[in-house]
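Listed below, chain by chain, are the residues.
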Amino acid sequence: MANIFPISVTLDEPVRAYFGADLATEITAKHTYVIGFGFDGTACFRKGTRYGPDGLRAVSEDIESYSPYLDCDLEDYEFFDLGNLQLGDSTDVETQWHHASDDFKKIFNDIDLATNQVKVLTLGGEHSISYAPIVKYLEQYPNLVLLHLDAHADLRDGFTGYHYSHASIIRRALDHFGPEHELIQYGIRSGTREEYAYMREHKTVRTSRKDFLESVAAIPADRPIYLTLDLDYFDPSFLPGTGTPEPGGEDFHSFVSLIKLLKERNFVGCDVVELSPQIDPTGNSDVFAAKIVRELLLVLEESRA
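Small disclaimer: the values here were computed from a predicted structure and weren't measured. (Residues numbered from 1 in each chain as written. Predicted model: local features only at pLDDT ≥ 70, side-chain atom pairs only at ≥ 80, totals over all residues. Heavy atoms only, no water.)

So, on to the pairing of strand β10 (residues 182–186). Put simply, side chains in a regular strand alternate between the two faces of the sheet. β10 sits mainly inside the fold: 4 of its 5 residues count as buried. As judged from the 5 bridges shared by strand β9 (residues 145–149) and β10, these two strands associate in the parallel manner. Bridged to histidine 148 within β10 is glutamine 185. As judged from the 2 bridges shared by β10 and strand β11 (residues 205–206), these two strands associate in the parallel manner. What sits directly across from glutamine 185, in β11, is valine 205. (Buried < 20%, exposed > 50% of the residue type's maximum accessible area, 1.4 Å probe, protein only. Helix = DSSP H or I, 4+ residues; strand = E, 2+ residues; numbered from the N terminus. Pairing = 2+ DSSP bridges.)

Take a look at the structure:
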């Protein structure tokens, strides 16, 4: 009988479960779980990513379940939606962030993700929400590779007074790195002089698609990989519905090249952040993001096999 873990916190029911998934009342081994963390309290430009998880879910069943890129279909897998983390009753944004982050920890604290083959896909929300899932995965996998796709380096030591800022998520993740953890960054085209100096010194950044994909291809097939994907990685001409757009980004086909590699590797978890539905009134950004999540869910399941 599969291990069963009760959910110890109260979550908000989503506007609809992602792609018709069942809403989970407990966590069982050998399954993938979607969870929303709708928070944008430290966003320093255009807010609205608090609506990202449900904005993405709302259009999820308006795309096909089948991926022609992977030749896989979501209907062949059983995955679950946990709903959305609550921010609590405080009006203080840091308190809200800590409340939801602590609830994430409580849900997964007693679960050995690797042994139980539990995988988590977290929907943001601004990029600061990635802290809790990244730390959990770093603790679980001592040789984890953290793939960071983003327009921004996110290596500031806090920003606008927030230690756990959306602009410092990778710096905060590095606080938990062990000797065998590795960071690979790609798509970065905005940052401070100091951030670029760090990336060059520590050789974390890849400056061409070829170098990035070769780096991923070189990861041993059994080494665990976690992806944190800020949707401003994509050029705003393709996905304008994000809070801090940067010209010069990637297109969908670069992402397809990546998922084909991840399908053959030990892809253990991911987060997709920074969708701001209200910024793009056409709704195209929501559909784009929903398709990204479809591919990632399929790769999580395929790489399990």
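On we go.
Mapping alanine 151 onto the fold places it in the loop between β9 and α5 (169–174). Taking relative accessible area as the criterion, alanine 151 reaches 0% and is therefore assigned buried. For the pair alanine 151 and leucine 298, spaced 147 residues apart in sequence, the C-alpha separation works out to 25 Å. Apart from the residues lying within four places of it in its own chain, the contact partners of alanine 151 are Gly187, Ile188, Arg189, Ser190, Asp232, Tyr233 and Glu246. (Contact = heavy atoms within 4.5 Å.)

With numbering aligned to this structure, UniProt lists the feature "binding site: Mn(2+) 2" (unreviewed entry) at Asp232. Counting through the fold element by element, aspartate 232 comes out in the loop between β12 (224–230) and α8 (252–262). The class of aspartate 232 is buried, set by a relative accessible area of 0%. Not counting residues within four places of it along the chain, the set of residues in contact with aspartate 232 comprises Asp150, Ala151, His152, Arg189, Thr242 and Thr244. In this structure the side chain of aspartate 232 is engaged in a polar contact, spanning 3.1 Å, whose partner is the side chain of histidine 152. (UniProt positions renumbered as here; feature names shortened; annotations may be inferred. Polar contact = N/O pair within 3.5 Å; in protein donor to acceptor, adjacent residues only side chain to side chain.)

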